[in-house]
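# Fold and contact review
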Amino acid sequence: MYVCVCQAVTDRQIREAAQGGARTLKDLRRDLGVTRDCGRCASCAHECLQEAHGGQGKPGKVLRKAA
């Protein structure tokens, strides 16, 4: 599924970036361009990144799905 429509980034690409060492949204922005334009993909991209790392997010942090 497309996570970032502006840069045509999919959840698969985010998982691959995570396997390649991406740990933060800043890493995804540098590597894939996520959040570079409108930024509406930030929460979904962050969630995909967390799932790729086995759900190891910050405790107590609640993310909302992008519309």
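The structure we're discussing is the one just above.
What comes next is a walk through the structure. Values in this document were obtained by computation on a predicted structure and should not be read as measured data. (Residues numbered from 1 in each chain as written. Predicted model: local features only at pLDDT ≥ 70, side-chain atom pairs only at ≥ 80, totals over all residues. Heavy atoms only, no water.)

### Topic: the nonpolar core
Formally: Remark: nonpolar core denotes a set of buried residues (Ala, Val, Leu, Ile, Met, Phe, Trp, Tyr, Cys) joined through side-chain atoms within 4.5 Å. Only protein chains enter the accessibility calculation, which uses a 1.4 Å probe. A residue is then buried if its area is under 20% of the maximum for its type, exposed if over 50%, and partly exposed in between. To qualify as a helix, a DSSP run of H or I must reach at least 4 residues; to qualify as a strand, a run of E must reach at least 2; elements of each kind are numbered from the N terminus. Throughout, a contact is declared for two residues whenever any of their heavy atoms are within 4.5 Å.
Judged by nonpolar contacts, the single largest core of 14 residues is most densely connected at Val3, Ile14, Leu28, Val34, Ala45 and Leu49. Those elements that place two or more of their residues in this core are β1 (2–4), α1 (11–19) and α3 (42–52). If one sorts the elements of this core by residue count, α3 sits on top with four residues. Residues within four places of Ile14 in sequence aside, it is in contact with Val3, Val9, Leu28, Leu32, Ala45, Cys48 and Leu49.

### Things to note about the side chain of Thr35
With respect to the helices, strands and loops of the structure, Thr35 is situated in the loop between α2 (25–32) and α3. Setting aside anything within four residues of it in sequence, one finds Thr35 in contact with Cys4, Arg29, Cys41 and Ala42.

### As for α3
Residues Cys44, Ala45, Glu47, Cys48 and Leu49 constitute the buried set of α3. Each element contacted by the buried residues of α3 is listed here: β1, α1 and α2. Where α3 terminates, the next one or two residues include Gly54, which has phi positive at roughly 80 degrees.

### With respect to the side chain of Asp27
Take Asp27: it is sitting in helix α2. By relative accessible area, Asp27 is classed as buried at 13%.

### Focus: unusual backbone geometry
Only a minority of non-glycine residues have a phi that is not negative, and only a minority of peptide bonds are not trans. Even without glycine at this site, Ala8 takes up a positive phi of about 55 degrees. Residue placement: Ala8 occurs in the loop between β1 and β2 (9–10). The class of Ala8 is partly exposed, set by a relative accessible area of 40%. Unlike most non-glycine residues, Thr35 shows phi in positive territory, near 70 degrees.

Spatial relationships are all this shows, so hold off on functional conclusions.
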